[in-house]
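# What the coordinates show
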Amino acid sequence: MPSDRQHRLAIVQFGGLLLANGFVAATDGNLSVRLDSKHLLVTPTCISKGRMRTSDLVIVDMEGRRVAGKRRVSSEIGMHLLIYRLRPDVQGIVHAHPPTATGFAASGLDLNRPLVCEVVVGLGSIPLARYGTPGTPELTEVLEPLIPDHDAILMANHGVVTFGSSLESAYMKMETVEHFAKISLVTHLLGNAQPLGAKEVEKLNEVRHRYKSSVSSRKPAAPDQLASDDESKETAGSRQ
Ligand SMILES: [Zn+2]
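Residue indices begin from 1 for each chain and proceed along its sequence in written order. Since the coordinates come from a predicted model, pLDDT governs what is reported: local features require at least 70, and pairs of side-chain atoms require 80 or more to be given and counted, while whole-chain, interface and lining totals use all residues. Hydrogens are left out, water is left out, and the side-chain values use all remaining heavy atoms of the structure.

### Focus on the pairing of strand β7 (residues 152-155)
Of the two faces of β7, both are covered, the one formed by Ala152 and Leu154 as well as the one formed by Ile153 and Met155. By the convention used here, strands pair only if DSSP detects at least 2 bridges between them. Runs of E in the DSSP output that reach at least two residues are strands. Runs of H or I that reach at least four are helices, and both are numbered from the N terminus. Pairing between strand β6 (residues 128-129) and β7: 2 bridges, direction parallel. Each bridged residue has a counterpart across the sheet, and for Leu128 the counterpart in β7 is Leu154. A clockwise path from the first strand over the helix to the second, with the strands pointing away from the viewer, defines a right-handed crossover. Traced from β6 through helix α5 (residues 137-143) to β7, the parallel crossover comes out right-handed. As defined by bridge partners, β7 adjoins strand β8 (residues 159-164) across 4 bridges and the pair is classed as antiparallel. Along β8, the bridge assignment pairs Ala152 with Thr162. Between the end of β7 and the start of β8, which pair antiparallel, lie 3 residues, with Asn157 showing a positive phi angle near 55 degrees. Using a 1.4 Å probe on the protein chains alone, a residue whose accessible area is under 20% of its type maximum counts as buried, one over 50% counts as exposed, and one in between counts as partly exposed.

Here it is as structure tokens:
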């Protein structure tokens, strides 16, 4: 398992990629990782996600209370807490506003059509959650029913959230969503969409579920166990 410092470096690195790829502007977006069963490492509010230092990050408990770090925690912490609570398999979360996918979300369109086989295997479908004011229970309420069965969700008039077994996996899902949104837009412009049929989708879903269960069976350790493994590799007092 990565150490606290590696988690910090990963958040800074993927935050930089969000900005470099145009998935966020100004101080948009947020990223987090699960450190152990009781703590998350999250990005602070009011900072460019492309220009953070590792010391800017904040550690919160599972109620969202800051336990380490000087900056104010992201206003979207409620969304992150909800996802970690509902999905014990999730270790990293990325939220951003990639322009094409967010354009779909602002047009009331999901990305559920099976147009590309690899997207069906990797993500299944990408639903659209109704609008909810950011940073309020309204947003978490509309996301809640979608979180158990999806790894990427469009949020109406807002953006995208992706999550996975690592921060890298969550980040790559964000890339996939935006890339697929571009493909869907071009397909729509060409006016001759040929979505996969139900039989093909069923076969791809089988591959998807087989892959998912093989990934989860490779991670037998409980979060507590992982946390103590982690700590044993760290020098004293490094989790600050
Ligand atoms: Zn946002």
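From this point, the narrative continues.
### Notes on the coordination of the zinc ion
Working reference: metal with six octahedral donors, ideal angles 90 or 180 degrees; metal with four tetrahedral donors, ideal angle 109.5 degrees. Metal donors were taken as nitrogen, oxygen and sulfur atoms no farther than 2.8 Å from the ion, or 3.2 Å where the ion is Na, K or Ca. Water is excluded, so coordination may look unfinished. The coordination sphere of the zinc ion, as far as protein atoms go, consists of His95 (NE2), His97 (NE2) and His158 (NE2), spread over 2.1 to 2.2 Å. For the zinc ion, the single-chain donor residues occur in sequence as H-x1-H-x60-H. Of the two residues, His95 is situated in strand β5 (residues 92-96) and His158 in the loop between β7 and β8; the sequence distance between them amounts to 63 residues.

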